[in-house]
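Fold and contact review
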Amino acid sequence: MAKQSIQVKVNGTEREATVEPRLLLVHFIRDVLRLTGTHVGCDTTNCGACTVLLDGRAVKSCTMFAVQADGRELMTIEGVALDGQLHPLQEGFKEEHGLQCGFCTPGMIMTSYALLGKNPKPSEEEIRWGISGNLCRCTGYQNIVKAVQYAAAKMAK
Amino acid sequence: MIHKTSSEVGGMGHSVKRKEDLRFIQGRGNYVDDVQLPNMVYGQVVRSPYAHARIKGINTEAATKLKGVLAVITGQDLEKAGLSWMPTLFHDKQMVLATGKVLFQAQEVAFVVAEDRYTAADAAELIEVEYEELPVLVDPHHATDPDAPIIREDRDEKSNHIFHWEVGDKQATDKAINDAPVKIKLSTAFQRCHPAPLETCGCVADFNPATGRLTVWETSQAPHAHRTLFALVAGLSENDIRIISPDIGGGFGNKVPIYPGYVCAVVASITLKRPVKWIETRSENLQSTGFARDYHMTAEIGADRDGKVKALRVGTLADHGAFNAAAQPSKFPAGLFSICTGSYDFQASFCEVDGVYTNKAPGGIAYRCSFRVTEAAYLIERAMDALADELGMDAAELRLKNFIPSDRFPYKSPLGFTYDSGDYKAAMNLALEQAGYKDLLKEQADKRKKGELMGIGISSFTEIVGAGPAHTYDIAGLKMFDSCEIRVHPTGKATARLGTKSQGQGHETTFAQIIAQELGIPVAGITVEEGDTDTAPYGLGTYASRSTPVAGAATAVAARKIRDKAKKIAAHLMEVSEEDLEWEPGKFYVKGAADKAKTIQEIAFAAYTDLPPGLEPGLEAVDYYDPPNLTFPFGTYICVVDIDKGTGEVKVRRFIAVDDCGNIINPMIVEGQIHGGLTEGLGIAFMQEIGYDESGNVQGGTFMDYLVPTAVETPHWETGKTCTPSPHHPLGAKGVGESPNVGSPAAFVNAVVDALSHLGVRNIDMPVTPWKIWRLLKEKGQAG
Amino acid sequence: MIPPSFEYLRPSTIKEAVAMLQKHGDAAKILSGGQSLIPMMKLRLARPEYVIDINRIPGLEYIKEDGGYLAIGGLTREADLEASELVRSRFPIIHDTAGFIADPQVRNMATVGGNLAHGDPANDHPATMLALGAQVVATGPKGTRTISIEDFFLSLFSTALAGDEILTEIRIPLPPGRSGGAYFKLERKVGDFATVGVAAQVTLDDSGICQRAGIGLTNVGGTPIKARKAEDLIRGKPLDAAAIDHAAQIAGQDSEPSSDLRGPADYKKAMVIELTRRALKQAGERARK
C-alpha cells in the first residue's frame, strides 16, 4: 500500500509529509505535526473535539484522511492567536468561564471561529445550533454560549 | 471570621478568572495522549466479543509476526509474573488479562505492543482467540436463582451473591411502617450509565532501565493511591515509582480505578525497556471502564395522615458486574447510600443492600455519585413525591412539613450520619420564589383543562461529601485524609502542592484563593500544583466532592501554620510581642497603631534574611487533614417540563437550582460546576443507559447510542444560592461538584411524573424516553 | 478507531474515476464526503482495497436551475445546500432536510450525492427526494443515464447505481405555484439518525384540492419508503385535517420499522402517523402562502 506525499499549509506554514493513505487527519495533526491541541474524544464522529478548519470550514479531523488535506489549508487551535495576542474567542472563553477541563475547548473554539466568520451576530439559539456538533461534559454549555457572545461583541467593535 | 480581601488578592468569594485557562484556550494543555517520549511505542488491548465464555486457546503467532509488533502479552504471560489478577479497590480482585474464561463483553484478553498506533490496531485484529460460550447472566434479579450460571469460579463461595449490608433499626422501622396510617411503596431502578469524560482513560508507562525508575503518566484522579497500589501489586519499590497525572480531561469518577490497560502498559514497558503508551478508544471506555449506578431500589415510607413521615425502609439490589471494582470506602459496600433519609426527619429507618455479580463490566461507583448518594437522593426524592401523590398533597408542602428543622443541627440521622448543618426551608423557599411556583401551579391547572401536559418537579436533596474521618473511612486501607504543602518564597510569592487532582474543577485557582484568603498573597502570585507523586504530599485524590472539604481544609490549616510563624517574624521585625499584633489579609499590624505594620511580603523576605534567634529559617508548612466529619451540602431544584402529546418528547422549559454549599471560594466556578452537573443529570434522566441484551451484548457502547446532551438539548440553567456554612470546616465550605448530579435526576423525573399524574401515572424509570411516555399515554387513552 | 490499509486513488476527471471503478470493481469505494464511509472504515466494517477520492473532480458542486429542474451536483456539500437561498426559497423541504443531517461540521463535508448513493434508509435526503419525485443522474463508462428516485433504492445499502457508476447529479422538477413541502424528523438528540422521518410535498390547485402529493419515510424499513397508498389517498381531494389524518394512518401502515435503541416498532409506527400529519399540515400551509 503506497504512501502518499502531501503538502498542507498549517496555520500559515507549508508542511510536507509522506503518509499512509489511511492516516486520519487528526493523527496527522497530533502525531506527525505534533500539534496536540486538537483532541480525540470518541470513535464515532460524534464529539467534535477534533474540529479544525479546512479551507476555512469546520470539519471533524477524525473523519478525514490526511491525504484529503493535500494542497489545502488547515487551521488548528494553535493558529488562532494572532501574533501572540489571544483571539477574542480565546479571551471570551477565559472571561466567561467557558471551560473547565479544557478538553473540548479547542474544538469549541474552532467551530465558533467558523461560526462567527459566517454569522458575526449570532443569536443564542444560533450559537447553540452552531456548536451542536461539539460535546462538552463539564460546562453545560451556558458559559460557552456567553464566551461566543463575548467574542462576537468584541469583534463587532 | 472570614475577612474580605481585595479583588487583586482574590480570596474567598471572588470570581477570580481561572489561572489554568491560559494553556487550554491555546491548545497547550498536557493531557496523557499529548505526552510524547523518545522511543515510545503503542499498546492496544484485545477484547472479548462474548459476555461469558471459556478461553480454549489464544493464537498470537500472526500478530507477533507482523512487522512493527514488539510484544503480545496474554493472561498466561501475566500469570507467570503473578499479575494476571489484581486487587480491586473493594475487597475483590479482577483479571488484568483473562485466564480461563471471560466474564463480560469487552473484557481484556490480550495486549499488543507495536511501533505505532496503526500497527497495533492491525496486530490486535490478528490475535485469534478460541472461545466456548457459556450461559450468560445479565439480570441481577436472577443472579441468585438456583440455576444461575456461576460467574466467579475463582471465589471459594460459588455464588453470584457478593455481600449483604444493612444499617438502621429494622424492628422499629417495621413497626412504624406497619402502624402508619399512610404507606407508600416505590420500586424504581437507577439504570446503569457511564460518566464518559471527554478524554478517555490512558497512560504512558515509562520504565527507565538506566535509573530503575518507573514513571507513569496516567489519567488518574488519585495518583498517590495508584502509586502505592502499583508498588504493592507489582512488587516495585514505591520510591522508584512516579505517577504523574497531568491535565485530565474530565474524571467524574471514571478515572479513580486502576485499569488493566495501565498494568499491561507498565508490564510492557518493563519488558521492552521503552515507554509504552496506551490510550483507550471511546468504545472501550464505555464498554469496559467504571460504570455508574445499576441500583434496583424499593423505598417504603410510613406517614401520618397529615403527611408527617415516620419511617423509611429501603431494600436494594446492586449489580456490580463481573468484579466488584466499586471505588468506595472499605467499610461501605453500598457507599454512602444510607444518606437515603435525605432532608427529612424520619423517626426510624432501615436500609439493606445486596450486591451481585453479573456478566457485565465491573464498577458501580462513578459519575459524580458521591459514593452512591446519587442513588439515595433519587430514591428518597421520588418516594416523597409518591407520598405526596398518595396524600393528595403538594410536593413542596410535604417537604416543608418534613424537613429537618434548621435548629436541629448537628443532626443524627436514624441511619447513623451526623449532618453538620442545614437550612432546607430557606433553600426551598428561595427556589419556590425564583420559580414563581404559585404561578406555575396555576398555569398547570389551566393547561390540564385544555389537555396539555405540563409538569413541575421538585428535588430537595441532602448530599454527603468530603470523605472522610480516619475513624471510619479508608479506601483499600488508605485513610482518607488529604494534604497541602505551602512554601512561601523570599519575594513573597508561594507555591503549593496538594494531594488532590483537578480534572476541570479549577484547583489551580481555587486553592490559590484559599491561600490568598489566609495569607493575603494575591492569587496571581500563588502557584498550585497537583498530580506528581514525586513532589506532591500524599493525598487520596479528587472525587466524591472531597477536595474543598478535605484538601481545602488542609490548605487553610497549612496557611494558618505559616501565619503563626509569620506572626513571630513580624513581632521580631517590629520589636513587639505577638500579643500586640492583629492580622488582616496581607499584614500584621500593631493593635491601635495600624500604620505600624509588616506585610506578608516583608515577612517572607525576613524569613530568609532576618529571623528571631532560635527560629528555623524558611516559611512553609504542610498539613495532612483528617476531617472530623463529612459535610452536607444541600439544595432544592425545581424543574418545569412540557410534554408533546403526539410524540412523547419532553422539553425542559425551566430549571431552577438553589444550592447551599456553605461558604464559597469562587462563585463563578461553583456556578460552572452546577451547570455541568445539571447537564449530566439531564442526560441521565432522559437519554443515557448502558444496556445489555440477553446474550450480554452491550447496547449503547458508543457515542452513537450512549447519548450526551448537546447545547441544543441543554436548557438555560437558573441558579441561586443560600449559605449555611459547615461548622467544622476551617473555611465553612462544604464542596459542591456532585450536588447537581445528585439532586437533578429526581427533579426531572418528578416533573415528568407530575405532568402525567392526573392520568394515574406514578412512576417512570430512567431514561425517560419519548416512547416510554407515549406508551403510558396510550395506556391511559391519551396518545395524540 | 483505526481503518485498515488501502490504496488511495485521486482521479481528476469523472472519466478517470469511472475507469478506476471499472478496473477495481467491488474492491473499490468512492470517497465523497466520507462521513458515512470513513466511520465504517474506522470500525473496520468497510474494508475497500481501493479508495477513489472524487473530491478534486471539478464541476460536481453546484446548485442551479436548469431547464425546469433544480440541479444539484453530486458533490454539493450539505452545508451549501442548507445555506442556498435558491433552495430555501423554492424548496423549503430540502432546506429542512439538510439542516437535520448530523451536525454542522459533518455537513461541511457530507455530500448530497453520498447521502443518496449510500443507500441507507436512515439517511434523510432519500425520503425528501422520494416526496419530490427527483431523478438521479448516474455517470458510467457509457455516459450518463437518468434514474427515477422511485427506482433508485433497491435494498439495504443497495441502489440502482451500477458498480462502475458515480452519482453526479440530482434533478428535482421545479414545483408549480401553490406547492409546499416539509420534512419532520424525530431524533433522540440533535445529530442522531432519525427515529422516524417524514417528508411531504404537495401541490394544491386554487380551490385547495391536492394535485400532487409525495410522501417519503426515513428509517422505517429496509429502504427509504415512498408512501404510495397515502399519496393516492389525498390526491384529488381537499387537503383538510380529515384527509391528512387518513393519509397519515395509511402511511403508518405502509411503514415497516424495527425495534431498536431508538424505540420499539409500535412507537415508530405511531410516529410515522404523527409526523406524516405534521408534515402534510405544514406542506399544505406552505403551499397556500
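Residues numbered from 1 in each chain as written. Chains lettered and ligands numbered in written order. Predicted model: local features only at pLDDT ≥ 70, side-chain atom pairs only at ≥ 80, totals over all residues. Heavy atoms only, no water.

Listed per partner, the contact involves 48 residues of chain A and 56 residues of chain B. Both faces considered, chain A and chain B share a buried interface measuring about 4500 Å² in area, 55% of it formed by carbon and sulfur atoms. Contact with chain B buries area across many residues of chain A, yet K94(A), R137(A) and Q142(A) alone supply 19% of it, more than any other trio. Along the contact surface separating chain A from chain B lie four salt bridges. Salt-bridge contacts for D31(A) lead to R117(B); the nearest nitrogen and oxygen are separated by 3.2 Å. One can count 28 residue pairs in polar contact (both at pLDDT 80 or more) joining chain A with chain B. (Contact = heavy atoms within 4.5 Å. Buried area = accessible area lost by both parts, 1.4 Å probe. Salt bridge = Lys/Arg side-chain N within 4 Å of Asp/Glu carboxyl O. Polar contact = N/O pair within 3.5 Å; in protein donor to acceptor, adjacent residues only side chain to side chain.)

All names here are of chain C. According to the domain assignment, chain C contains domain 1 (7-53), domain 2 (63-173) and domain 3 (179-288). Taking only C-alpha atoms, the centre of domain 1 and the centre of domain 2 are 19 Å apart. Between domain 1 and domain 2, the contact holds eleven residues from the first and 16 residues from the second. In this assembly, domain 1 packs against domain 2 so that about 1000 Å² is buried in total across both faces, 72% of it on carbon and sulfur atoms. Ranking the residues of domain 1 by area buried against domain 2 places V18, S32 and Q35 at the top, with a combined share of 39%. Here domain 1 and domain 2 share zero salt bridges between them. Considering each element in turn, the side of domain 1 that touches domain 2 owes the most residues, five residues, to helix α1 (residues 14-24). (Domains from an automatic or database assignment. Helix = DSSP H or I, 4+ residues; strand = E, 2+ residues; numbered from the N terminus.)

Contact residues are listed per partner, giving 26 residues for chain B and 23 residues for chain C. It is E125(B), W771(B) and W774(B) in chain B that bury the most area against chain C; as a group they hold 23% of the surface buried on that side. Taken together, the connections running from chain B to chain C amount to six salt bridges. R44(C) is paired through a salt bridge with E125(B); the nearest N and O atoms lie 2.6 Å apart.

All names here are of chain B. Grouped together as the largest cluster of nonpolar side chains are 228 residues, with contacts concentrated most on F111, I301, F337, F655, F703 and L756. Considering every element that reaches this core, the biggest residue donor is helix α9 (residues 373-391), with eleven residues. Ranked by size, the runner-up nonpolar core spans 48 residues in total, among them A556, I569, A604 and A606. (Core = buried A, V, L, I, M, F, W, Y, C linked by side-chain atoms within 4.5 Å. Buried < 20%, exposed > 50% of the residue type's maximum accessible area, 1.4 Å probe, protein only.)

Turning our attention to the packing of α9(B) against helix α10 (residues 395-402) of chain B. Residues and elements named next belong to chain B. Their axes nearest at 9 Å, the elements α9 and α10 cross at an angle of 110°. For the element pair α9 / α10, the angle class is roughly perpendicular. As for how α9 packs across α10, the hand of that crossing is right-handed. Listed contacts from α10 to E381, M384, D385, L387, A388 and L391 of α9 are A395, L398, R399 and N402. Here the contact of α9 with α10 is built from residues that sort into six nonpolar, one polar and three charged. (Axes fitted to C-alpha atoms, helices over the stretch in contact; angles between N-to-C directions. Parallel < 35°, antiparallel > 145°, perpendicular 65-115°, else oblique. Left-handed = near helix turned anticlockwise from the far one by under 90°. Nonpolar A, V, L, I, M, F, W, Y, C, P; charged D, E, K, R; others polar.)

Below, the discussion takes up helix α7 (residues 260-272) of chain B. Working note: α-helix, 3.6 residues per turn, so residues spaced by three or four point in the same direction. All names here are of chain B. In a regular helix each residue adds 1.5 Å, so 13 residues correspond to 18 Å; α7 covers 18 Å between its end C-alpha atoms and thus fits that length. The element α7 is largely enclosed, with a buried count of ten among its 13 residues. Every buried residue of α7 is listed here: P260, G261, Y262, V263, C264, A265, V266, V267, A268 and S269. One or two steps after α7, the chain reaches K273, where phi turns positive at roughly 60°. (Expected span 1.5 Å × (residues − 1).)

With that settled, consider the sheet that holds strand β4 (residues 57-60) of chain A. Residue and element names in this part refer to chain A. Spatially, β2-β1-β5-β3-β4 is the arrangement adopted by the five strands of the open sheet, whose pairing is mixed. What marks the edges here is a single partner per strand, and that holds for β2 (13-19) and β4. Looking at each pair of strands side by side, their axes are set apart by 40° on average, direction ignored. Looking at chain direction, strand β3 (residues 51-54) and β4 are connected through four bridges and run antiparallel. For L53, the partnering residue across the bridge sits in β4 and is A58. Contacts between helix α1 (residues 25-32) and the sheet are confined to β1 (4-10), β2, β3 and β5 (73-75), with β2 contributing the most and set at about 105° to the helix. (Pairing = 2+ DSSP bridges.)

Residue and element names in this part refer to chain C. The four strands lie next to each other as β11-β12-β13-β14, forming an open sheet whose pairing is antiparallel. For this open sheet the edge positions go to β11 (179-186) and β14 (225-226), each flanked by a neighbour on one side alone. Taken together, the eight bridges between β11 and strand β12 (residues 196-204) define a ladder with antiparallel strand orientation. Across the sheet, K185 pairs through a bridge with G197, a residue of β12. Lying on the sheet, helix α5 (residues 92-100) is in contact with β11 and β12; it crosses β11 at an angle near 20°.

Residue and element names in this part refer to chain C. Of all five residues making up strand β5 (residues 69-73), four are buried, and the element is well covered by its neighbours. Here strand β4 (residues 63-66) runs beside β5; their pairing, made up of four bridges, is antiparallel. Note on β5: the bridge partner recorded for I63 is I72. Where β4 hands over to β5, the hairpin turn is made up of two residues, of which G67 adopts a positive phi near 50°. Taken together, the five bridges between β5 and strand β10 (residues 166-173) define a ladder with antiparallel strand orientation. Looking at the pairing, I72 lines up with I170 of β10.

This part is about α9(B). Residues and elements named next belong to chain B. The terminal C-alpha atoms of α9, which comprises 19 residues, lie 27 Å apart, in line with the 27 Å expected from a rise of 1.5 Å per residue. With 16 of 19 residues buried, α9 is to be regarded as a mostly interior element. Positioned one or two residues after α9, G392 has a phi angle of 65°, which is positive.

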